[in-house]
8 protein chains.
Amino acid sequence: MNNPSKRDEILAILRQVESGAVSADTALERLRFEPFEDLGYAKIDHHRTLRQGIGEVIYGQDKTPEQIAGILSSMREHGAHNVLITRISGETADLIAEMGIILEYHPIPRLGIAFPGRAARVGNIVVASGGTSDMAVCEETALTAETLGNNVVRIYDVGVAGLHRLLAHMEELTSARVIVAVAGMEGALAGVIGGLVSCPVIAVPTSIGYGANFGGLSALLSMLNTCACGVSVVNIDNGFGAGILASRINQMDGAA
Amino acid sequence: MNNPSKRDEILAILRQVESGAVSADTALERLRFEPFEDLGYAKIDHHRTLRQGIGEVIYGQDKTPEQIAGILSSMREHGAHNVLITRISGETADLIAEMGIILEYHPIPRLGIAFPGRAARVGNIVVASGGTSDMAVCEETALTAETLGNNVVRIYDVGVAGLHRLLAHMEELTSARVIVAVAGMEGALAGVIGGLVSCPVIAVPTSIGYGANFGGLSALLSMLNTCACGVSVVNIDNGFGAGILASRINQMDGAA
Amino acid sequence: MNNPSKRDEILAILRQVESGAVSADTALERLRFEPFEDLGYAKIDHHRTLRQGIGEVIYGQDKTPEQIAGILSSMREHGAHNVLITRISGETADLIAEMGIILEYHPIPRLGIAFPGRAARVGNIVVASGGTSDMAVCEETALTAETLGNNVVRIYDVGVAGLHRLLAHMEELTSARVIVAVAGMEGALAGVIGGLVSCPVIAVPTSIGYGANFGGLSALLSMLNTCACGVSVVNIDNGFGAGILASRINQMDGAA
Amino acid sequence: MNNPSKRDEILAILRQVESGAVSADTALERLRFEPFEDLGYAKIDHHRTLRQGIGEVIYGQDKTPEQIAGILSSMREHGAHNVLITRISGETADLIAEMGIILEYHPIPRLGIAFPGRAARVGNIVVASGGTSDMAVCEETALTAETLGNNVVRIYDVGVAGLHRLLAHMEELTSARVIVAVAGMEGALAGVIGGLVSCPVIAVPTSIGYGANFGGLSALLSMLNTCACGVSVVNIDNGFGAGILASRINQMDGAA
Amino acid sequence: MNNPSKRDEILAILRQVESGAVSADTALERLRFEPFEDLGYAKIDHHRTLRQGIGEVIYGQDKTPEQIAGILSSMREHGAHNVLITRISGETADLIAEMGIILEYHPIPRLGIAFPGRAARVGNIVVASGGTSDMAVCEETALTAETLGNNVVRIYDVGVAGLHRLLAHMEELTSARVIVAVAGMEGALAGVIGGLVSCPVIAVPTSIGYGANFGGLSALLSMLNTCACGVSVVNIDNGFGAGILASRINQMDGAA
Amino acid sequence: MNNPSKRDEILAILRQVESGAVSADTALERLRFEPFEDLGYAKIDHHRTLRQGIGEVIYGQDKTPEQIAGILSSMREHGAHNVLITRISGETADLIAEMGIILEYHPIPRLGIAFPGRAARVGNIVVASGGTSDMAVCEETALTAETLGNNVVRIYDVGVAGLHRLLAHMEELTSARVIVAVAGMEGALAGVIGGLVSCPVIAVPTSIGYGANFGGLSALLSMLNTCACGVSVVNIDNGFGAGILASRINQMDGAA
Amino acid sequence: MNNPSKRDEILAILRQVESGAVSADTALERLRFEPFEDLGYAKIDHHRTLRQGIGEVIYGQDKTPEQIAGILSSMREHGAHNVLITRISGETADLIAEMGIILEYHPIPRLGIAFPGRAARVGNIVVASGGTSDMAVCEETALTAETLGNNVVRIYDVGVAGLHRLLAHMEELTSARVIVAVAGMEGALAGVIGGLVSCPVIAVPTSIGYGANFGGLSALLSMLNTCACGVSVVNIDNGFGAGILASRINQMDGAA
Amino acid sequence: MNNPSKRDEILAILRQVESGAVSADTALERLRFEPFEDLGYAKIDHHRTLRQGIGEVIYGQDKTPEQIAGILSSMREHGAHNVLITRISGETADLIAEMGIILEYHPIPRLGIAFPGRAARVGNIVVASGGTSDMAVCEETALTAETLGNNVVRIYDVGVAGLHRLLAHMEELTSARVIVAVAGMEGALAGVIGGLVSCPVIAVPTSIGYGANFGGLSALLSMLNTCACGVSVVNIDNGFGAGILASRINQMDGAA
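Right, let's walk through the structure included here.

Here is what the cut-offs are and how they apply
- Residues numbered from 1 in each chain as written.
- Chains lettered and ligands numbered in written order.
- Predicted model: local features only at pLDDT ≥ 70, side-chain atom pairs only at ≥ 80, totals over all residues.
- Heavy atoms only, no water.
- Helix = DSSP H or I, 4+ residues; strand = E, 2+ residues; numbered from the N terminus.
- Buried < 20%, exposed > 50% of the residue type's maximum accessible area, 1.4 Å probe, protein only.
- Contact = heavy atoms within 4.5 Å.
- Buried area = accessible area lost by both parts, 1.4 Å probe.
- Polar contact = N/O pair within 3.5 Å; in protein donor to acceptor, adjacent residues only side chain to side chain.
- Least-squares fit on C-alpha atoms with pLDDT ≥ 70 in both.
- Axes fitted to C-alpha atoms, helices over the stretch in contact; angles between N-to-C directions.
- Parallel < 35°, antiparallel > 145°, perpendicular 65-115°, else oblique.
- Left-handed = near helix turned anticlockwise from the far one by under 90°.

### Re the overall build of chain A
- Counting secondary structure elements, chain A contains eleven helices and eleven strands.
- Burial status across chain A gives 66% buried among its 256 residues.
- Residue pairs in contact within chain A that sit at least 24 positions apart in sequence constitute 65% of those at least 6 positions apart.

Next comes the structure, spelled out in structure tokens:
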């Protein structure tokens, strides 16, 4: 599953120069690491699609529907599928679809999946949340992970202020390969789960709350300071990042 | 147990003027709210001793042994006992004792009790802590509360990263009249306890930790943002303040 | 008024297994701490209603009218009344009412009370505010406390910049069992009241102000740093939390 | 490698009650989740040793040599080995050794390993650092991971301001199963590595730097905001936590 | 110009009791410091109007037109004039005027002056600003000071990045009795002026700017840290407060 | 290219007084440093146009179309051309154009150039950006620099999370005289470029991002803490300032 | 008392050029604003002594005894007296005295007064403090003001948590021309005093406190946010600055 | 003076492979960007010495004398001279000298120059400071720049609170090719200088100050927010970085 050695790739090019099959000038071009396509407003990395099983993800927030559709069309020509577009409105999704892009849209996490195709799913990722208000971030994680071919179990609204709701799910928690703990406000869910299980826990602070939560700072600091082992943290509201990382851990091969 | 009405006190003085027993000028002096003694470097409120059951508490940190002994001597003359002196070193305590003040000294919370005398203890306060490093703050709370005549149960090292350690104490927790939850780092203990019980919970963030705890900020924000009901927060490391407040709540009469 | 011992509940279930009245598998289900109902988007804790005198409180801010009505309907079937719904708009309240839920709506604190029924009121809670702009937070506190069966006295617009306005209310202040001090800007009200009375004071910083108040931070820090005894703090603008805590303290039985 | 299901354990106890082999009262004791030993100043969780392959880790910073030796003696009786003691001085290590505890001490990370015994090592963890000043944190990570039975490759002083130093290690980087990226100052190392590899990357901000690094805040924020996929963050200077998490990920079985 | 001694007022009341002219109970009422009128939503201090030359100032931001008009009507009955209403919109001003209140409205600082009447103006206050964007705050200061009877000289757009613009006004600056320096962004104007003159300088940071000005924090910190003598600071954007203080200093009598 | 010595200018005036050509009073007026025109709402510095090759730049954000047109008309009379107006909307630009001002408008950076005239371009400035979302800031820089007579090479979307995209541009980077590195989120681009080149690098943090980027703070701190040599930083989103500075450095004469 | 007009000074020089009494070149030298002496490590402004009644104040913290003595000797030659040296240790003071400088040293505020000579004192400044720990800052203010020729009344340890202590001093407070309010922790003293008096109040936040006072930030924000009129703020612990400003206000002439 | 094109270097190696002069495997090694020496605790980049005129700079703060001497010895063998070692104590400097390294040590900036040799100096850099306390940072800048072959003019103690001290140096300021403005506290010096000159200004905030300067934050924010053109900022106290950058700008060739 790991990255094929860059070293071999470069050596291969050099051997072609050595054999005369390729000129020095051509090699120079090729040695510019990896091919990508330059649309002016964006550079698309088609190799990433092939190598890592996930194509260029599009952070949709600051792009026009035209820009997104342009990127998607280029990717489609290179055979991309299951391309994730994060943080787009329903209006943008509709406009992209009208331009002929097949797009599955999920309104709660404001997430699109272009050229969708169901992949086989492996392993076991649990996505747990502190409250119902965290659902948008949770679903961004869960859909990302599912799109990348992972089994996902959702356990929502199990915040630590009602501990029995969480403990009722001990079985799902202890059978997970990796857990994503999503919480705003005090952000204690990650640490409590971290103390109950022995698998890696990815903590996602959310900006849900008010007053002294300061846009998610309270949950962020709480999660960084947990004394539970095996917990690490991603950016506030970064459900997508948690989904990618959870997928990578879940799909690990056994260690030699 | 509540403050005797200030109104009655003022009215009594006015009635004495009305009856001619006291002159207007004398009354003016008396009406300057409450008597206190001015030592130059400090103003001692002897009435507080009588009214609230606890005399002038001495915040020892920035005072010389001579200043502390001076305040204590003046208080002793007004019959004070069980005077708390917070945040003093063992050396300062020894120096004060050498000046003839009877002083019980507790090195972990760096707390002195001058003119000690065991009061009858009532009710039931639980002091719970996240880790052994929080013990200084916990003991400041517990000793303050005991000095003020409260029964105190100590439950230490029950942080949320090992939830079973906390849950093993459910019985003590649910039988408390008020709980003081002391925790540094992620500070989640207060919220978890708040969700398990229905009595008031006083949260004390501590500065224990490192890195992104920023001197106790992480625990403070976490505790302020808990969604558990019945939790309120005092200043970072303020074990003394939590002890006073816990005493007040524990010693409440029944509501009419 | 305290939580019935969880230990007894569990022991009772185990005794039923011992006697053969209940199978091990059934007991396992029951031992999952406490029953709650899972609506998918929320988990409702019906036991809390019975045990603590207050049902599941609904934090309305991020929920649709449909979700709120769904939760309320489920609670109604379990006999809930006086259910508080915080931070909902008048439009949401109207939509919920149109779905057949009996709802008393208070526009200033944006608070709804579903299935209202007047409870007997006991004790004496004072809610004091620094300025008229803090009224929404104050009313959230006062209405919460009244709904939970407490007598509430309102003393508004008594900020410390005009001290005589506060001192004119000494009698109400000194006769309170617990005081909630609500203030934005400099937030000094809590400390000043804390120095005048001997009952517990719950400080609520508000986000009212501008410039260097940084969304309530100035009042929050001021309140945490008071040297008055008996003061603790809840989150910025958390009138509801202050109301719950004040109710718990006000309804304390006398200590044994 | 995962946690044996808590459910089965509880069911087994309940079946014993059902069969009459164990009384309800005894079962209640057993059901208090997990056994631990209470030394007064600390609660030792002996089960954790067995279950997770790592015993109670001792955060040494605020403990006396006597407390640490006491905890270690108790753990030794339960067969613990390779117990990590973080953040202790050489003097403390000497004192503990004088009390008869076999202790391997590493001065740079100020880390002790009690009852050391070399475990078989598996997999491949890379620990990379931005500068030589980050070495204490790096070694805390590397020694923790090695003690837990992982192969560790160290790549130090490869900060992004001299990119060629990092790119010279592409081969080690791309063959890692998990990478720990340790950096202070601008903290960009984690994001750059995250863009070069497809395995999980654990970012450790350090407090190394001056001025506007604000005790590690600059590196922390930088790492949280990386747009590279697969990167998560632990607390500032938390080399130990990164080592534990890296070990868990490295020792993952293959997904089913 | 100073506050008439409260002591004399109280003594006078006490003398009336002594002489039998007033009963003790009546005196108690009077001793409640100062008369004010309670409108429910606000407490109006009519004495302040008489004593300080400025009536109750109305912070308009969070009040309805009805509330403002109610307060103004009550004040009018007590003879108030030149009442300042800060931070109200033109719409609100129009509505108040329609209710029959005579109101002079200034749109740039969003300031109203009810029952306006030109007072004699004394002394010499300079209001200087860094940029044209600070004009709203400047005008709030200048109009407040003029309404209170002070001569005001306006020197706008003289920020330190074009020092010659400021130095061209040396004559006005050195002849001022007090200067109000208003600046956003780097906020250096106050310190530069403070070094050029020997009169008191009141610094007003504004929220004008972007990026790392963090809502006025940059100007605030800059102004607090000036090493020029005689400079003090008010809250961000607090033009009104600066105007009041400048008036008090400008109207000082000569010292005995 | 440097500022003509102010000393010479002043000496010339003094010599005219010496010779009787100019009276003392007239000289005083002239010595008030530099002429500017006072429009009431703004002071226009016509000398700056002549001396520095760039006229008064207009920060458009808080000005009305009328104010901007007024300033421009006055400048036009003094022969200004290529006047930059930053942060204005398309509507404002249209209104200004309708008032007869020749205005070239660029919608992405919301930048206007009044009285445009193409200057000869010299040197070589590279503007590089981390992501497509940073384009508005980049274009503000690039257009400013081009208007001031510099050759500009744009290299966009070369963030460090895909290092090969950046390395593909090594040739452009190493042939630049000065580089402007624009990045939000983790802000690592400036430090990575700083390590690859030996020319001055101007870092521009942007507010692009979410969560723990705190409005650009993460990129700002990252850039300030880079250990790459030759990097300095301007305010968040300050593309204009970076353009001016890059122009000054690019247009340096050779050192004597 | 105000600065003599700079304009007149410059005009006089120009007139001398006009009359031929002074050459243009000599005039240029004189026009360099004001004479000062350059010691290499410091530039001494002898004119300030004459013009403002206070010589160059020496911020002692980062200077060697030799540097301080050097500055003082130079000043002595120009007739300076009553020169304040802030923040020097007793050891430094002794060393300076040994070099033959007559120095009055005050250990609590760590303040020296060189070449002391008692000035006549005028007016009435009150310095009030919240607690005894604030005394160093208070004395820096009081001694500065006395050295500059002002009458000072000290009212210490009158924090708002014991309001009667403050109210007992109403007479002194209302008879002050200007009040300096010094407080740490919650910093409420300034606002409460500001509401009781009508003279200018200078607020000095101190760094006294612990936990969430964050080095004086809590008191600073509280003081900036007061809604009392007439209050302005200087830097944390800046007793010297408050003393200078209080002196300037106290010594105001009556307004024309 | 610019970096020789990396492209040419790589192409040359490829041409050697093409011609058979070098094998593919050897080329691979060479293509690993640039040679450096790995001492285990540090990686030394000998090419940097040749290419940029300055060798590996050693950040001395966290290194032992042995480590520093080891690095220096290795560099000496590659012909390095004028190697800067920043932030080392006099003791460390003595120890290094005892190991036979020729070292010129400057105690104020705590800076060493190993293998010193006077280079020809060109151009004109002005280093200006706000106060004498900033001298350590200033000298770090000045000595760095001089070591790199630049003429440096020092103008110290010209803070904006005494503007005439700065204006007396207009001639030096306007004749500089680049200015480094060093200031703590309010940090206004950079903006004021930026408005007076037309050359690039590098602003260095220092941590000098107290209270609300928050370790240099006040000066940093002030400098970032200046509206003067041509100013950019380096890290707090980063005198070395400013010296390097000033050298690069000062030594620019004329633009084509």
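Having seen the structure, we can now continue with the description.
### So, the interface of chain E and chain H
- Facing 24 residues of chain E, the contacting portion of chain H comprises 24 residues.
- Here chain E meets chain H over a buried area of about 1,900 Å², counting both sides, of which 69% is carbon and sulfur.
- Seen at the junction of chain E and chain H, the total is ten residue pairs in polar contact (both at pLDDT 80 or more).
- Secondary structure elements with two or more residues in the side of chain E that touches chain H: α7 (163–167), α9 (189–196) and α10 (217–224) of chain E.
- Ranked by residue count, the leading element in the side of chain E that touches chain H is α10 of chain E, at five residues.

### Some details on the environment of Ile 96 of chain D
Residues and elements named next belong to chain D.
- The topology assignment puts Ile 96 in helix α5 (residues 90–98).
- Along the chain, Ile 96 and Gly 149 lie 53 residues apart, while their C-alpha atoms are 25 Å from each other.
- Setting aside its immediate chain neighbours within four residues, Ile 96 contacts Pro 65, Ile 68, Leu 72, Ile 101 and Leu 103.

### Comments concerning the side chain of Thr 86 of chain G
- Positionally, Thr 86 of chain G belongs in strand β4 (residues 83–86).
- The buried category is assigned to Thr 86 of chain G, whose relative accessible area is 4%.

### Let's talk about the relation of the copies chain E and chain H
- The two copies are related by a screw motion: chain E maps onto chain H through a turn of 180° and a shift of 0.0 Å along the axis, at an RMSD of 0.1 Å. Read as a symmetry element, the transformation amounts to a two-fold axis. Taking C-alpha positions as the reference, the residue of chain E nearest the rotation axis is Ala 188 of chain E, at 2.7 Å.
- Most of the interface of chain E is mirrored in chain H: 100% of its interface residues are interface residues there too.

### As for the packing of helix α4 (residues 65–77) of chain G against helix α5 (residues 90–98) of chain G
Residues and elements named next belong to chain G.
- At their nearest, the axes of α4 and α5 sit 9 Å apart, and the two run at 50° to each other. Regarding the angle of α4 to α5, the classification is oblique. Classified by chirality, the crossing of α5 by α4 is right-handed. For the pair α4 and α5, the contacting residues are Pro 65, Ile 68 and Leu 72 in the first and Thr 92, Leu 95 and Ile 96 in the second.

From the geometry alone we can't say anything about function, so treat these as descriptive.
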